Each structure stands twice: as structure tokens, then as C-alpha cells.
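# Analysis of the macromolecular model
This is what each chain is made of:
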Amino acid sequence: MSQDNTPKIRTRFPPSPTGALHLGGARTALFNWLFARHHNGSFVLRLEDTDRERSKQEYVESILDAMDWLGLDHDEGPYYQTQRFDRYREAVEGLVAKGRAYWCHCSPEELKQKREQAMAQGGKPMYDGSCREKGLGPGPGAVVRFKGPRTGSTAWHDQVKGPISWENEEMDDLVILRSDGSPTYHLAVVVDDIDMGITHVIRGDDHVANTPRQILLYQALEAKPPVFAHIPMILGPDKTKLSKRHGATSVVAYRDMGYLPEAMLNTLARLGWSHGDQEIFSRDELIQFFDLDAVGKSAAVFDQDKLLKMNARYMQAAEPKRLLEPVRPFLAQRGIQLKPEQEPLLLKAIPELTPRTPTLADLADWAEPYLLEQPVMDPKAARKFLTPASALVLARVRDLVAEIGVNDTQAMEQAFRDLAEQNSIKLGAVAQPVRVALVGRTASPGIFEVMDILGRDRVLARLAAAADLAKNPAETS
RNA sequence: GGUCCCAUCGUCUAGUGGUCUAGGAUAUCGGCCUCUCACGCCGAAGACACGGGUUCGAGUCCCGUUGGGACUGCCA
């Protein structure tokens, strides 16, 4: 039972489908989603596809896919701006009729020339308003410009930056309708946010300079502007705006590298937002604690190492079953189709594996020896540990396994220690050859746990195969 | 160039005038643990950009300087 009289909070995320969802966009989406969820409001998804040249359906799908992966579900939409052209057209006509906008016949070429000339003379590259008072009508190549005020100032109280104000004379008359009849970003975004009842616009602070222009548009359209909150940008390691040249910047790229969405979400949330010294947040905690007042003002550099560590923590903490489906594609990349009867074995191995595997890709790598009939033998490891001298040790261990089995790890460890002592060698001198015999490499979880999971028969078979190799080391190299 | 925004360890950040000889995380280094590799634990090093104010007192408030970023499109 809701008893608040205040209008329900509505936020939106409006990506333009001209590329994949990148880290900055994902964080913006996350903050909007968290804010809506925290306040029990609605989260609207809208595709800003008015740039017909660059907008692509495949990007729409990729963005939706990424949002889905992150679990950022929307309550409304996705709306598409290309389906609302009539509405924008109507708004523009209304503005022209009221004298708040006018037709402009200046060509892009002469505009560009004027801009460059102004720059060269140290002036401001703004539209000079040549057509502002001409009272022109539509025509070939003509656009509609907003008729902004020439005096006064426009101000707002930004929810993260505080008070910001702009001299109106600093703003030129922006184009709101292109010569092809399509609306520009400024017009479409304002009309949409009005129509969709958006109460809070949370977006990257690369939009602050757009805000006063849009407020003017709200006023001309006789609508109340929403609350604005400009969150700091996410920068690359070189502190410039994140872009393709910064390597992996798309969210799905991280998914494909084996990161868990909860780790991605947690890391993104901590860029520009904090809750005391807490570092790990569940999805519910994020919703519970998130608010705009704890969002910082300065730009943040995305730290891959920290994401990796975060992912490692989530990997370790995950229930083995949670990892089963997500790891499948990474196994498949290694040519392994996980069979149903192998699942219990993998599930049992996962707790031993995850402290060593920061990503799903690593997990697949480390799980491989358990899932193949015989492990892929690393030649270097074989050369070093499967020596004629170790053949004897391997044979003794076989006897041990035949005798004790593999499920009593404590008894097996004791037996290994006794064996080492009897031969006056260190435990490692026994364990390493065995390890290489069992998994084909020099690093693995504890050797007794590996044996337990592999099971007696497989252990015996692998020890036998390794002993053969050890007797004839030439074959390995 | 102009406008606007920003400024605490390498990086993410805590800090809202005194409890800061500045806390946490990550990265780095050292140690412990140990059958390998990890995990984990312990420890070290590492920051309030600079200069003026205001104040009994400033990382915290104000001004300036410097540095960085964004915008300056018929792109969003």
C-alpha cells in the first residue's frame, strides 16, 4: 500500500545504438536502474536511433543483450525514437508557430566556413543568427532552429554537481529539425522525457553543457524540467574519455572474457559511488544503499585489476551450481562438451578450483584435466618431473592407491609422508611427479583432493601412463 | 580560443572544521601458511596539486594559480 503523494520516480536509460554498450554507458544505466529501484520507481529504456546513418539493429540487440546479462531490467520500453517522428514534427511545428523556433536556410558549407573564420579571429564558433529574424518558411535544405533568449541566464541545481548556471548569450540557436525532417538529439530527448514522464535525468557529465539548452526547450514547450544529475565520466588509464583505443570497453567483451555480471555490477557501482568503506555489495544492498547524494563529482579511471580481483572473490563465493552453466561456453572453446554424467565431478571440483581461477575462462582451463580421459601433458612438466627416477615413486604410489583407495585423503596424505620419509626425500618430490601424472601440469589443487575427485580408476590409469612416460623420457620431448 | 566541470596514496575511494601523526580497497614489496599454484593471514611503502585568505583550529569553507576533463555538429 503506497501512500506517497509525490509523483512516482521515473528514470530512463537512452543509449544510441551506434555501438556496443560500453562501461560508461553501463554505469549510467546502472545508476538510473538503482535509483529507480531504490525509490520504487520505474526504469524506462529508450533507443535513441535518430542518427539513421550510424544506428544499427545489431547494436540494439547487443545493448539489450548486455543489459540482460547485467540484470538491469526495464519496466517500460524499449521505445524507439524513429517511431516517434510524428510527435517530434508536431512539437517543432508548435514551436515555430509560437515564434520559439524558425526556419534557417544557411547551408552546412557556409556555416562551417563561418565557424572556422570566427575561430581564426579568436571569436566564438557560434551560429550568427542570420536567419533568426527573416521569417523564412520551409525550403530545400532548410532546417529549424530553436530561438533561444539572448540575455539572462539559465540555472539548475544539479543533484550531484550542485548549482550550475549558464549565460544565455553563450548558447547559439541549435538545430532541432534536420533538413531531412528528422529531429536532432536535443529536441527528441526533451520531447521524449516530457512525454514519458521522466522525473530524474541521470547521465554522464559530458552532457552538462547540453542541459541549459534543454531546459530552455522545456520552458518553450511549457513543461517542467526534470531533476538533473550529472555523474562523472569513466576515463581510460590515460585519463581521457573512454574509447575503443582503450582496449576492452564493451560490457559484453568482459562477459566473453569470463567475468561474472555481479562482479561487473559491483565494480561499476563503486566507480563514482561509495558507501563508507564497504567494497562488496549484493544486488539488494546496492538497491538499498544507493542514492545520488553519495555520488562523487570527479572522473574515475577504470581499474581492470580491481575488476579481476572482484571477480575472483565472486568466483570463490559462488555456489558451484551457479558456475555450471556460465562455464560451459568456455569449456566448449577448449573443445569440451560437458556431459551430464560429468556434472557431479565438475561440481565437486569447483570449490577446489575457484580460489585459483579469477575468471570463468580460467576455471575452464583448470577444469580441463578432470574432464578429459587423459590429461593433456605439458612437455616441460613431463620433462622435469616424469623422470626415470620418479618412475619408482609413481609405481609405489600406484600400490598405495590400489591399497587405500583415493577417498580417504588424510590416510593418503599420511601414506605419502611415510613414503617420502622412507626414501629420504621431501613430500614435494613425491607430490610433484604425481601431480604431473594426474593433471599434466605442475599446478593444481591439493593432490589428495585431486585424486579423490578423479576417482580410483582414473588415478590408477593416469599413474600407469605417467610411469610409462617416465621410463622413456625421450618420448616426451 | 571560449564556456562549464573537476582536483585525497599509481588506481577506486572514506573523510561534510577539531576524533587525520588521513581510513579502506586494489596494485607493488616483504613475511607466514604450504605437496605445486592459488586463496587466506600479517606487515611495509605510498596521497590531502600549489599559493593566499577565513577561523582558536582547514583535507574539510572562500579566492587565485596550476593541472586535468567535457562541450563548442543538420552525433548522441
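Residues numbered from 1 in each chain as written. Chains lettered and ligands numbered in written order. Predicted model: local features only at pLDDT ≥ 70, side-chain atom pairs only at ≥ 80, totals over all residues. Heavy atoms only, no water.

Attention shifts here to the layout of surface pockets. Here the largest pocket is characterised by a volume of approximately 1200 Å³. As for the largest pocket, its lining consists of 37 residues, and the residues nearest its centre are P15, S16, H22, D206 and H207. Those elements that place two or more of their residues in the lining of the largest pocket are β1 (10-13), α1 (23-38), α5 (185-195) and β9 (200-204). Per-element accounting of the lining of the largest pocket gives the leading share, 4 residues, to α1. Residue composition of the lining of the largest pocket, by class: 13 nonpolar, 14 polar and 10 charged. Counting only domains with at least three residues in the lining of the largest pocket, you end up with domain 1 (7-79 + 232-317) and domain 2 (85-231). When its volume is computed, the second largest pocket comes out at roughly 440 Å³. Residue lining of the second largest pocket: 17 residues in total, with P108, L111, R115, R145 and V175 positioned closest to the centre. In terms of residues, the lining of the second largest pocket owes the most to one element, helix α4 (residues 108-120), which gives 5 residues. For the lining of the second largest pocket, the class distribution of residues is 9 nonpolar, 2 polar and 6 charged. (1 Å grid on protein atoms, 1.4 Å probe; cavity = no way out; pocket = protein on both sides within 12 Å on 5 of 7 lines; lining within 4 Å. Points joined across faces, edges and corners; volume = space filled by probe spheres on them. Helix = DSSP H or I, 4+ residues; strand = E, 2+ residues; numbered from the N terminus. Nonpolar A, V, L, I, M, F, W, Y, C, P; charged D, E, K, R; others polar. Domains from an automatic or database assignment.)

This part takes up the environment of L347. Tracing the backbone shows L347 in helix α12 (residues 343-353). Sequence separation of L347 and V160 is 187 residues, and the distance between their C-alpha atoms is 46 Å. Residue contacts for L347: discarding those within four places in its chain leaves P320, K321 and L324. (Contact = heavy atoms within 4.5 Å.)

Chain-level statistics for chain A give a pLDDT mean of 92 and a share of 97% at 70 or above. Taken over the whole predicted complex, pTM reads 0.93, whereas the ipTM for its chain interfaces reads 0.94. (pLDDT = per-residue confidence, 0-100.)

Considering all chains together, one arrives at 9 aromatic pairs under this definition. Seen in terms of ring centroids, Y254 and Y259 are 5.6 Å apart; in terms of plane orientation they differ by 70 degrees. Their pairing is edge-to-face. Of the two residues, Y254 and Y259, both sit in the buried class. Of note, R27 hangs over the ring of F31, and the distance from its end group to the ring centre comes to 5.1 Å. (Phe/Tyr/Trp six-rings, centres within 6.5 Å; stacked < 30°, edge-to-face > 60°. Buried < 20%, exposed > 50% of the residue type's maximum accessible area, 1.4 Å probe, protein only. Lys NZ or Arg CZ within 6 Å of the ring centre and 35° of its normal.)

Turning next to helix α19 (residues 456-471). Here α19 contains 16 residues, and its C-alpha end-to-end distance of 23 Å stays within 8% of the 22 Å for a straight helix at 1.5 Å per residue. For α19, the secondary structure elements touched by its buried residues are α13 (360-371), α15 (388-404), α17 (427-439) and α18 (447-454). (Expected span 1.5 Å × (residues − 1).)

According to the stated counting rule, one finds 2 cavities of 30 Å³ or more in the structure shown. As a volume, the largest cavity reaches approximately 60 Å³. Forming the boundary of the largest cavity are F146, G148, P149, N168, M171, D172, D173, L174, R213 and L216. Classifying every residue of the lining of the largest cavity gives 5 nonpolar, 2 polar and 3 charged. Its volume calculated, the second largest cavity comes out at about 30 Å³. Lining the second largest cavity are W366, P369, Y370, V439, R441, A443, S444 and P445. Residue contributions to the lining of the second largest cavity peak at 3 residues, all from α13. Of the residues contributing to the lining of the second largest cavity, the split by class is 6 nonpolar, 1 polar and 1 charged.

Moving on to the packing of helix α3 (residues 85-97) against α5. At a closest axis distance of 10 Å, the pairing of α3 and α5 adopts a crossing angle of 105 degrees. By the angle between their axes, α3 is roughly perpendicular relative to α5. Here R87, Y88, A91, V92 and L95 of α3 come into contact with α5, specifically with L187, A188, V191, D192 and D195. Residues that form the contact of α3 with α5 fall into these classes: 7 nonpolar, no polar and 3 charged. (Axes fitted to C-alpha atoms, helices over the stretch in contact; angles between N-to-C directions. Parallel < 35°, antiparallel > 145°, perpendicular 65-115°, else oblique.)

In a regular helix each residue adds 1.5 Å, so 12 residues correspond to 16 Å; α13 covers 16 Å between its end C-alpha atoms and thus fits that length. On the buried face of α13, the contacting elements are α10 (304-317), α11 (320-333), α12, α17, α18 and α19. Backbone nitrogen of A361 and a side-chain oxygen of the N-cap are separated by 3.3 Å at the start of α13; the cap is T359. (Polar contact = N/O pair within 3.5 Å; in protein donor to acceptor, adjacent residues only side chain to side chain.)

Looking now at the sheet that holds strand β8 (residues 175-177). Backbone-to-backbone hydrogen bonds pair the strands of a sheet. The strands run either parallel or antiparallel. The strand order across the open sheet formed by 3 strands is β4-β5-β8, and the pairing between neighbours is antiparallel. The open sheet has two edge strands with one neighbour each: β4 (101-104) and β8. Along the sheet, successive strands turn relative to each other by an average axial angle of 45 degrees, direction set aside. Sheet topology note: the β4/strand β5 (residues 143-146) ladder contains 4 bridges and is antiparallel. Bridge assignment links A101 to a residue of β5, and that residue is F146. (Pairing = 2+ DSSP bridges.)

This part takes up the protein's contact with RNA strand B. Every one of the 67 residues lining RNA strand B counts as a neighbour, but R178, G272, R313, R435 and S444 are closest to it. Counting only atoms of RNA strand B within 4 Å of the protein, the fraction found in sugar and phosphate groups is 71%. One nitrogen or oxygen atom from the main chain of G141 is found 3.4 Å from a base nitrogen belonging to RNA strand B. Contacts to RNA strand B include Y185, whose backbone N or O atom sits 3.0 Å from a phosphate oxygen. Counting only elements with at least two residues in the surface near RNA strand B, the list comes to α4, β7 (162-167), β12 (300-301), α10, α17 and α18. Broken down by class, the residue content of the surface near RNA strand B amounts to 23 nonpolar, 20 polar and 24 charged. (Near = heavy atom within 4 Å.)

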